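Understanding the architecture of this molecule
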Amino acid sequence: MKKKGAFARLSTYMLRHKLIYSILLLVTLFSIVLDLTMAWFLSRITDAAVRLDVEAFTGLAWFGVIFLTVAGINTFLSVYLKTNISAKIRNELRQDMMGHTLALPQSYFDRNHSGDLLSRFTNDNQSVGEACGHVMMDLLRNPLLAVASFAYLIYINWLLALICLSVGPLLFLTGKIFGNAMRANSVRVQENMSRTTAFLNDILGSSMVFKAFSIERRLQKQYVEYSESIASGEKKKARIEGATGAISSVLGNLTFLLALVIAGWFVAKGSLEVGAMIAFIQLMNYLVGPFSVLPGLVASMQQSLGAAERIFEVMDAAPEVEVLPEQQMQQPDFNVLQLADLSFGYPESEKQSLSKVNLELTRGKQMAVVGPSGGGKSTLFKLLLGFYKPDAGEISINNQAIAGMQLEQLRSYFAYVPQESGLYTGSIRDNIGNGRPGATEEEIIEALRQANAYDFVMELPEGIHTDIGEHGSRLSGGQRQRLSIARAMLKNAPILLLDEATAALDNESEKMVQQAIRKLMKDKTTLVIAHRLSTIQNADIILVMENGEIVERGGHEELLAAEGRYFELYNSQLEQEAVEEGQYSSLGGESLSSGGMAPLKQETAVAGTL
């Protein structure tokens, strides 16, 4: 997108606030009038001093008081309105971008790094907001001031030099007065930004979870609350900066005017020589100053337009839905899931991840999918949940093709337990409640009981209201996974998808999680990606996938008896576990040889847990 396009699109946001911009334009034009009035005022003081007209200073003094008051109010309005409009547009951009991002397909999140998205939400958004407020108005004001000053300079015709008293001490005092308030407000704004950034990081890093549970609307509402809290702090910042700028302006002008009045009074009395006309110097400053800052303003605007392009790149990405899906509360009926000649390859890959996959999973059955990494197991789950569309073949539920279903309807059939728990910053109650928004506290507690999570949750200082930290960082891996299972239990969907839910856990945590999984699987149709083959021996059917194809299928005993690929995988894993156990035992003084093991038969199989 060209920068002209970016500015045109920004204009649509700015036009929403035509009234504020109209007032700001009048305030800006009036500020130029005030600057020229200052030059005229200086000219009158100088003339009075030259004429030794002491009586004229009474009227000029009163005019100066009125001028300072009006100038202070105008400066406050200018700073406040520019900062306020900047905050409003940033707020609207954040919310629009969030709503669009939640509607993007899973393929977008697979292609784009969450950190880059986060930067567009924060740094780029800040830059664009500044452009719509201070930068743009300064780009308008400075050339107009220069033109008006040049016209007045021609009218005056000559120049004298004058050195004004420094206003540094007075400005330093102003900074001390407002410094604490500004610093405290900045801390609150940064805290709100930090919480919002953490929330964003959780969402953008676990898109499969919010899509699987169809909680996009809930997350959008929560994000709006975070965004509004940031906007509130920024508006307060506008008031503080406006007051600081107004007082600083009044003090600076007062110091300068006092010096001129005093000098003029002495000139009128004949005790001080009259210099050249001071007004010309003031106008020369107005002429030179704008041109000195113009290059910096142009560079800042260009940078902001580049940031706007990055934001609009996200908002231009094709969404998977036009309206954010709403989680269906009623559990759908389920009879059969069928895949017919299903094939799929990722756009950036020349190799197919799935090739002519056929399977049928009926109500109440348990199916396990095993095989080496890259075999297509996780891709199968992504297609079932509608994250990608197959290149060929068809997926149907109850003999209805999922291609004709709304996404919220499709995903209502599934409860998803990922390998990583996919928890968000917030309380345990909020995270479990994502399974079924609107669930009562009693229902949430019952889900925790079923997931073997109730005891450890109740031992926490605030129980289910305990903040679990970023991605559940304040909990152990097993605790996080049990909360993920509780979330799936609360959803109570007919088909359960388990994506290596215990792969990253230690033995003790795995036992607790497996117990919870068995409760979750009760009366459910289950499709599980298995990491430890010893845990899926009781599955009704086991699929062995390699290179996107199902190379074997059958029950545990049947596949072992065939001594094919499953037999090799199963015995290889048992050997590895035996080696690891032998190494662990040897540390305790009990040597267990791991060498020279004969191929293991099914008699060596441990009791299954699935």
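Residues numbered from 1 in each chain as written. Predicted model: local features only at pLDDT ≥ 70, side-chain atom pairs only at ≥ 80, totals over all residues. Heavy atoms only, no water.

**Overview of the overall build of the protein**
Condition: Put simply, DSSP H or I for four residues or longer makes a helix, DSSP E for two residues or longer makes a strand, and each gets a number counted from the N terminus. Accessible surface area values rest on a Shrake-Rupley calculation with a 1.4 Å probe, where residue burial reflects the displayed protein chains alone.
The helix and strand tally for the protein stands at 18 helices and 10 strands. Total accessible area on the protein is roughly 28700 Å²; 55% of this is exposed by carbon and sulfur atoms.

**Remarks on the environment of phenylalanine 150**
Relative to the elements of secondary structure, phenylalanine 150 occurs in helix 5 (residues 114-156). Note: C-alpha distance between phenylalanine 150 and tyrosine 286 (136 residues apart in sequence) is 8.6 Å.

**Here's the deal with a nonpolar patch on the surface**
Worth spelling out the cut-off: Only residues above 30% relative accessible area that lack a salt bridge enter a patch, with like-charged residues linked at up to 9 Å and the nonpolar side chains Val, Leu, Ile, Met, Phe, Trp and Tyr linked at up to 5 Å. Any Lys or Arg side-chain nitrogen located within 4 Å of an Asp or Glu carboxyl oxygen qualifies as a salt bridge. We call a residue buried when its accessible area falls under 20% of the maximum for its residue type, exposed when it is over 50%, and partly exposed in between, using a 1.4 Å probe and counting protein chains only.
A cluster of nonpolar residues, Leu25, Leu26, Leu29, Leu140 and Leu144, forms a patch on the protein surface that exposes about 400 Å² of accessible area. Listed by contribution, the elements that provide at least two residues to the nonpolar patch are helix 2 (18-50) and helix 5. Here the nonpolar patch gets three residues from one element, more than from any other, and that element is helix 2. Secondary-structure assignment places leucine 25 in helix 2. The exposure class of leucine 25 is partly exposed, given its relative accessible area of 35%.

**What to know about the nonpolar core**
Within soluble globular proteins, side chains that are nonpolar generally end up buried alongside one another. Quick note on the threshold: Here the nonpolar core consists of buried residues drawn from Ala, Val, Leu, Ile, Met, Phe, Trp, Tyr and Cys, with membership extended through side-chain atoms lying within 4.5 Å. Any pair of residues with heavy atoms lying within 4.5 Å of one another is described as a contacting pair.
Counting residues in each nonpolar core, the largest one holds 87 residues, and the members touching the most others are Leu10, Leu339, Leu384, Ile397, Phe414 and Leu497. At nine residues, the largest contribution of residues to this core is made by helix 5. Residue contacts for leucine 339: discarding those within four places in its chain leaves Val357, Asn358, Leu359, Leu380, Leu384, Glu394 and Ile395. Counting residues in hydrophobic clusters, the runner-up holds 46 residues, among them Ala451, Ile464, Leu475 and Leu569.

**Examining the pairing of strand 8 (residues 525-529)**
Applied cut-off: Strand pairing is defined by DSSP finding a minimum of two bridges between the two strands.
Buried residues dominate strand 8, accounting for five of its five residues. Where strand 3 (residues 366-370) lies against strand 8, four bridges are found, and the strand directions are parallel. Bridged to alanine 368 within strand 8 is valine 528. Across five bridges, the pairing between strand 7 (residues 495-499) and strand 8 is parallel. Among the inter-strand pairings, aspartate 499 is bridged to a residue of strand 8, identified as isoleucine 529.

**Digging into the packing of helix 13 (residues 441-450) against helix 15 (residues 477-491)**
Keep this limit in mind: Fitting a line to C-alpha atoms yields each axis, with helices limited to the stretch in contact; the angle taken between N-to-C directions then spans 0 to 180 degrees. Roughly parallel means an angle under 35 degrees; roughly antiparallel means over 145; roughly perpendicular covers 65 to 115; every other angle is labelled oblique. By convention, the crossing between two helices is left-handed when the near helix turns anticlockwise from the far helix through less than a right angle, and right-handed when the turn is clockwise.
Relative to each other, helix 13 and helix 15 sit at 125 degrees, their axes nearing to 8 Å. The orientation of helix 13 relative to helix 15 falls into the category oblique. Handedness of the crossing formed by helix 13 with helix 15: right-handed. Of helix 15, the residues touching helix 13 (which contributes Glu443, Ile444, Ala447, Leu448 and Gln450) are Leu483, Ala486, Met489 and Leu490.

**Side note on the packing of aromatic side chains**
Pairs of aromatic rings are described using the distance from one ring centre to the other and the angle between the two planes. What counts is decided by this rule: The rule is short: rings of Phe, Tyr and Trp, with Trp giving its six-membered ring, pair when the centres are within 6.5 Å, and they are stacked under 30 degrees, edge-to-face over 60, tilted in between.
Here the structure, examined in full by the defined rule, presents 10 aromatic pairs. A centroid spacing of 5.3 Å and a plane angle of 55 degrees characterise the contact between phenylalanine 344 and tyrosine 388, whose relative ring orientation is tilted. One end of the pair, phenylalanine 344, is in strand 1 (residues 336-344); the other, tyrosine 388, is in the loop between helix 10 (377-384) and strand 4 (392-397), with 44 residues separating them in the sequence. Here phenylalanine 344 falls in the buried class, since its relative accessible area comes to 2%. Among the residues examined, tyrosine 388 registers a relative accessible area of 9% and is labelled buried. The interplanar angle of 25 degrees and the centroid separation of 6.0 Å between the aromatic rings of tyrosine 566 and tyrosine 570 together place this pair among those described as stacked. Of the two residues, tyrosine 566 and tyrosine 570 are both situated in helix 18 (residues 565-587); the distance of four residues between them amounts to about one turn of the helix. On the basis of relative accessibility, which here comes to 1%, the residue tyrosine 570 falls in the buried class.

**Quick word on the pattern of salt bridges**
The final tally for this structure, using the stated rule, is 16 salt bridges. One salt bridge in this structure joins glutamate 130 and arginine 90, with 3.8 Å as the shortest N-O distance. In this pair, glutamate 130 sits in helix 5 while arginine 90 sits in helix 3 (residues 56-102), placing the two residues 40 residues apart along the sequence. In this structure arginine 90 comes out as buried when scored by relative accessible area, which is 4%. The partner of glutamate 320 in a salt bridge is lysine 211, and the shortest N-O contact between them spans 2.6 Å. Here glutamate 320, found in the loop between helix 9 (278-316) and strand 1, pairs with lysine 211, found in helix 7 (residues 207-212); they are 109 residues apart in sequence, far enough to count as distant. Classification of lysine 211 as buried rests on a relative accessible area of 0%. When salt bridges that share partners are traced, they join Arg16, Glu92 and Asp96 into one network.

**Looking at the sheet that holds strand 5 (residues 400-401)**
Spatially, four strands are ordered 2-1-4-5 in an open sheet, and the strand pairing comes out antiparallel. Looking at strand neighbours, the two that pair on one side only are strand 2 (354-362) and strand 5, the edges of this open sheet. Of the strand pairs in this sheet, strand 1 and strand 2 are connected by six bridges, and their pairing is antiparallel. Looking at the pairing, leucine 337 lines up with leucine 361 of strand 2. Its contacts with the sheet put helix 10 on strand 1, strand 2 and strand 4, and the angle it makes with strand 1 is roughly 115 degrees.

**Here's the deal with the UniProt feature "transmembrane region" (unreviewed entry) in the protein**
Where we set the bar: UniProt positions are given in the numbering used here, feature names are shortened, and annotations may be inferred rather than shown by experiment.
In the numbering adopted here, UniProt assigns the feature "transmembrane region" (unreviewed entry) to residues 20-41, 61-81, 144-173, 193-213, 245-268 and 274-294. Annotated as residues 20-41, this span is 100% helix and 0% strand, and its ends, taken at the C-alpha atoms, are 30 Å apart. Summarising residues 61-81: 100% helix, 0% strand, and an end-to-end C-alpha distance of 30 Å.

**Describing the pairing of strand 10 (residues 549-554)**
Here strand 9 (residues 541-546) runs beside strand 10; their pairing, made up of five bridges, is antiparallel. Bridging from a neighbouring strand, methionine 545 pairs with isoleucine 550 of strand 10. Adjacent in sequence and paired antiparallel, strand 9 and strand 10 are bridged by two residues, among which asparagine 547 carries a positive phi angle near 50 degrees.

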